[in-house]
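Observations on the model geometry
Each chain, written out:
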Amino acid sequence: MSGRRVSLMLTCLAVAEVVAGAVLAAVAGMSFADAFNTFVVTNGLMGVSFAVCGGIIARYHPRNTVGWLFIADGLGHATGALMAALAVLVNEQGGPVAVERLASTLLMYSWPWSIGLFLPLALLLFPDGRAGSAGWRGVAWAIAVTSPLFVLEIGTSPEPLTDELAPGYLTLRQYDDLSALWTVAELRTSLAILLAVVSLVVGYRRGDELRRRQLLWLVLAAILVIAVVIPWSFVSGTPIVVLLAVPLIPVAVTVGIVRARLFDIRLVVSRALAWLLLSIGALAGYVVLVAALDTFVSARLGKSALVTVLVALALAPLLPRVQRLVDRWMYGDRDNPARVASRVGEQLVAGEQVDLVGVAAAVRTALRLPYVAVRTPSGMLAESGQPDGATDLVPLSYAGHDVGELVVGLRSGERRLSSADRSTLGVVAASLALAVRALELSADLRHSRERLVMAREEERRRIRQDLHDGLGPTLTGVALSADAAANLVDSDPSTVRDLLANLRRDARVAIADVRRLVDDLRPPALDELGLIQALRQRADQLAWRSDGSSIGVDLRVPDVLPELPAAVEVAAYRIATEALTNIARHAGARGATLQLRCHDRLDLEVLDDGVATEPWAPGVGLSGMRERAVELGGTFEAGPCPSGGRVYVSIPLDAA
């Protein structure tokens, strides 16, 4: 037989016992007050609530011990309700005393197990049915082993449920002589409940977001129970009717296990806790003022009316303050954006590099959020917490451009960020966007430096190879020919003439290699003609394609340029040459325009009238132009424009 079927049968048994008890109470002619005083009502209500809630938990989570403990708790209370009604009925009808005593015995030995064993264990093992550590497992075993002491305290009492009923079996005549033992039993039961509450507090502090949501349901039930206990205790001095509020606990536990994300439990607990604290303050103030003013106002002004007015006037300004304190406990500093921004700022300046992981953790902690992450188009930069449910997005914008987004995990029951959360996150997003942009620029700079170093080393390797493979052997041959000519100058003049001819040829080859290496290091046209004339010369060279078609290149340059840094001059020449070459090879243009402007920056723009409708695919030429501009602190743009194609470069003149 499956566990779900067994749980259903036991739940139905408990409900049937309660129904049977209600029927027997009606047959016995018991009034509601009589049924209440004999605990038929309270035991029946708790029996049904605990058993049904336990059955629901066992239905969805059959391996969770809490569900089975609740079913056992419900059976204990249900049996107590049935036996109490049966004992009263037998007594009223004049039935056998043995049956009446047996019913009283079952009554007194059934419900104490629910209070002394099943309920403390269920709270201790909430919400997953397991103790958190070896220490708490020891507490669970201690509660189980000592639970018979509380049962014996209730069951062995010779006092009947009411004066009309016969006492049960298994009672002790020397019961009063064991009062010290029964005091220990009472303390043991109170300690068991207290330890269960402590375990819940520890679980809340150490648990993840889901566990905290589950525990908050129990907190809400406890608040409601306390809200009933305190006023009733002031009114009647007896907590009997308070037992009617106890079923709120199994309901809260069931919702916490089965439907923890039903709605925003934080908001409900926040409001309920604020009103509870204020109510306790109101009652305490009422008692203090009554005691202090009784002798002055009882005879003349009417104590109750005056004290009520004074308490109301005194506590009215406290509600917003109490609500703020509770909201801060539940929602963090969302109503204080400056404090959240300060925490984020501390993380941003905490080290040499921007710590986005610390920023995400600071935002999550400050707003009591389950999950916060910083995401950019290139990927996830940082995250904190676990994405336990739905998420919402807060864009990160810098200079009018989106640089990323803040991914925020929503609290239990929330479908979107509240206006207060979004407003606070908006303040944080401004500084966070700046940090993300700074990281991007830092990464770009690092990559640019890496490419620059690689290009420099590659250029050195190429020059070394050229010197080793080209100029080196040539000069070696020149030296050997010179030595041979010197040795043969007297003995073989004709051979010497041949050697000198070869030597002249090899020297010219070496000179050509040197010029080629020098030209690769810096275009000679820049030194011979200057930048403007060198660009004119290059434009004239590219005026004709290989197929014979022509390209009209219009140079719009100033007559005279100020003295430019060498690196800026070379970069402008290389970029302009590459741009014109690309136009001749790929653009299909009939004309091109090269504009050069020089103020605080050197601006170079190359336009063509070719057909360009799609973004340009980055290749070696475009990458080289971009790297030349970026390594000098400049900007580079390339792509289609309404008139055709466009390459634009702006380099600061202080780049050198």
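Small disclaimer: the values here were computed from a predicted structure and weren't measured.

**Observations regarding the overall build of the protein chain**
Within the protein chain, the regular secondary structure consists of 20 helices and 9 strands. Of all 656 residues assigned to the protein chain, the portion counted as buried reaches 41%.

**Observations concerning the packing of helix H1 (residues 3-27) against helix H4 (residues 65-93)**
The geometry of H1 relative to H4 is characterised by a closest axis approach of 8 Å and an angle of 25° between their N-to-C directions. Considered as vectors, H1 and H4 are oriented roughly parallel to each other. At the point where H1 passes H4, the crossing takes the left-handed sense. For the contact of H1 with H4, the per-class residue count stands at 18 nonpolar, 7 polar and 1 charged.

**Observations regarding the nonpolar core**
Here is a general trend for soluble globular proteins: nonpolar side chains tend to be buried in one another's company. By size, the foremost hydrophobic cluster in this structure holds 38 residues, and its most contacted members are Leu-531, Leu-535, Leu-594 and Leu-596. Listing elements by their share of this core, those giving two or more residues are helix H17 (524-529), helix H18 (531-541), helix H19 (566-587), strand E6 (591-598), strand E7 (601-608), helix H20 (620-630) and strand E9 (644-652). For this core, the leading source of residues is H19, giving 10 residues. Beyond its immediate sequence surroundings of up to four residues, Leu-596 is in contact with Leu-531, Leu-535, Arg-556, Val-557, Pro-558, Leu-561, Leu-602, Asp-603 and Leu-604. If you look at the next biggest cluster of nonpolar residues, it comprises 27 residues, including Cys-53, Phe-126, Leu-200 and Val-253.

**Some remarks on the environment of Glu-92**
Tracing the backbone through its elements, the reader meets Glu-92 in helix H4. You can call Glu-92 exposed: its relative accessible area is 52%. Between the C-alpha atoms of Glu-92 and Leu-165, which are 73 residues apart in sequence, the distance is 9.4 Å.

**Here's the deal with the pattern of salt bridges**
Under the criterion given, the structure shown has 4 salt bridges. Between Asp-554 and Arg-556 there is a salt bridge whose closest N-O contact spans 3.0 Å. On the basis of relative accessible area, Arg-556 is assigned to the partly exposed category, the value being 47%. Between Arg-646 and Glu-637 there is a salt bridge; the shortest N-O distance is 3.1 Å. Residue Arg-646 is classed as partly exposed on the basis of its relative accessible area, which comes to 24%. Judged by relative accessible area, which is 42%, Glu-637 ranks as partly exposed. What emerges from the salt-bridge pattern is a single network uniting Glu-605, Glu-637 and Arg-646.

**Looking at the confidence of the model for the protein chain**
Summarising the model, the protein chain shows a mean pLDDT of 75, and 73% of its residues fall at 70 or more. Across residues 232-239, confidence stays below pLDDT 50; counting only partners more than four residues off in sequence or on other chains, it has 8 contacts. Every residue in residues 260-276 is under pLDDT 50, and counting partners more than four places away or in other chains gives 60 contacts.

**Structural notes on the sheet that holds strand E5 (residues 552-556)**
Sheet architecture is open: 5 strands sit in the order E5-E6-E7-E9-E8, paired in mixed fashion. The open sheet has two edge strands, E5 and strand E8 (635-641), and neither has a second partner. Neighbour-to-neighbour, the strand axes of the sheet open up by a mean angle of 10°, direction not taken into account. Bridge analysis of E6 against E7 gives 7 bridges, and the strand direction is antiparallel. Bridge assignment links Leu-594 to a residue of E7, and that residue is Val-606. Lying on the sheet, H18 is in contact with E5 and E6; it crosses E5 at an angle near 170°. On the sheet, H20 packs against E8 and E9 and is oriented at approximately 145° with respect to E8.

**What about the pairing of strand E1 (residues 371-376)?**
Sheet faces and side chains relate simply in a regular strand, where the side chains alternate between the two faces. Most of E1 sits out of view: 5 of its 6 residues are buried. With 6 bridges joining them, E1 and strand E2 (residues 379-385) adopt antiparallel strand pairing. Note that in E2 the partner of Tyr-371 across the bridge is Gly-385. Between E1 and E2, which follow one another and run antiparallel, lie 2 residues.

**Re the packing of helix H5 (residues 97-125) against helix H6 (residues 134-155)**
Contact geometry of H5 with H6 gives a least axis separation of 8 Å together with a crossing angle of 165°. Between H5 and H6, the interaxial angle falls into the category roughly antiparallel. Read as a crossing pair, H5 and H6 show a hand that is right-handed. Of the residues in H6, those touching H5 at Met-108, Tyr-109, Trp-111, Pro-112, Trp-113, Ile-115, Gly-116, Leu-117, Pro-120, Leu-121 and Leu-124 are Trp-136, Val-139, Ala-140, Ile-143, Ala-144, Ser-147, Pro-148, Phe-150, Val-151, Ile-154 and Gly-155. Among the residues forming the contact of H5 with H6, the class breakdown is 19 nonpolar, 3 polar and no charged.

**Describing the side chain of Thr-189**
Note that Thr-189 resides in helix H7 (residues 179-206). Owing to a relative accessible area of 7%, Thr-189 belongs among the buried residues under this scheme. The residues contacting Thr-189, other than those within four sequence positions of it, are Ile-115 and Phe-150.

**With respect to the sheet that holds E2**
Think of a sheet as strands paired side by side through backbone hydrogen bonds, with each pair either parallel or antiparallel. Reading across the sheet, the 4 strands line up as E2-E1-E4-E3 and stay open at both edges, with antiparallel pairing between neighbours. At either margin of the open sheet sits one strand with a lone partner, and together these are E2 and strand E3 (391-398). Neighbour to neighbour, the strand axes of the sheet diverge by 20° on average, direction disregarded. Docked against the sheet, helix H14 (residues 356-367) engages E1 and E2, running at close to 40° with respect to E2.

**With respect to unusual backbone geometry**
You will see that Phe-39, though not glycine, has its phi angle at about 65°, which is positive. Structurally, Phe-39 can be placed in the loop between helix H2 (32-37) and helix H3 (40-60). Of note in this structure, Leu-170 is not a glycine but carries a positive phi near 60°. With respect to the secondary-structure elements, Leu-170 resides in the loop between H6 and H7.

**Considering the packing of aromatic side chains**
Using the criterion set out here, one finds 4 aromatic pairs in the structure. Plain terms: the ring middles of Phe-32 and Phe-36 are 6.1 Å apart, the flat faces sit at 35° to each other, and that makes the pair tilted. Of this pair, Phe-32 and Phe-36 are both found in helix H2, 4 residues apart, which corresponds to roughly one turn of the helix. Classification of Phe-36 as buried rests on a relative accessible area of 12%. The ring of Tyr-60 has Arg-59 lying over it, and the distance from NZ or CZ to the ring centre is 5.7 Å.

How each quantity is defined
- Residues numbered from 1 in each chain as written.
- Predicted model: local features only at pLDDT ≥ 70, side-chain atom pairs only at ≥ 80, totals over all residues.
- Heavy atoms only, no water.
- Helix = DSSP H or I, 4+ residues; strand = E, 2+ residues; numbered from the N terminus.
- Buried < 20%, exposed > 50% of the residue type's maximum accessible area, 1.4 Å probe, protein only.
- Axes fitted to C-alpha atoms, helices over the stretch in contact; angles between N-to-C directions.
- Parallel < 35°, antiparallel > 145°, perpendicular 65-115°, else oblique.
- Left-handed = near helix turned anticlockwise from the far one by under 90°.
- Nonpolar A, V, L, I, M, F, W, Y, C, P; charged D, E, K, R; others polar.
- Core = buried A, V, L, I, M, F, W, Y, C linked by side-chain atoms within 4.5 Å.
- Contact = heavy atoms within 4.5 Å.
- Salt bridge = Lys/Arg side-chain N within 4 Å of Asp/Glu carboxyl O.
- pLDDT = per-residue confidence, 0-100.
- Pairing = 2+ DSSP bridges.
- Phe/Tyr/Trp six-rings, centres within 6.5 Å; stacked < 30°, edge-to-face > 60°.
- Lys NZ or Arg CZ within 6 Å of the ring centre and 35° of its normal.

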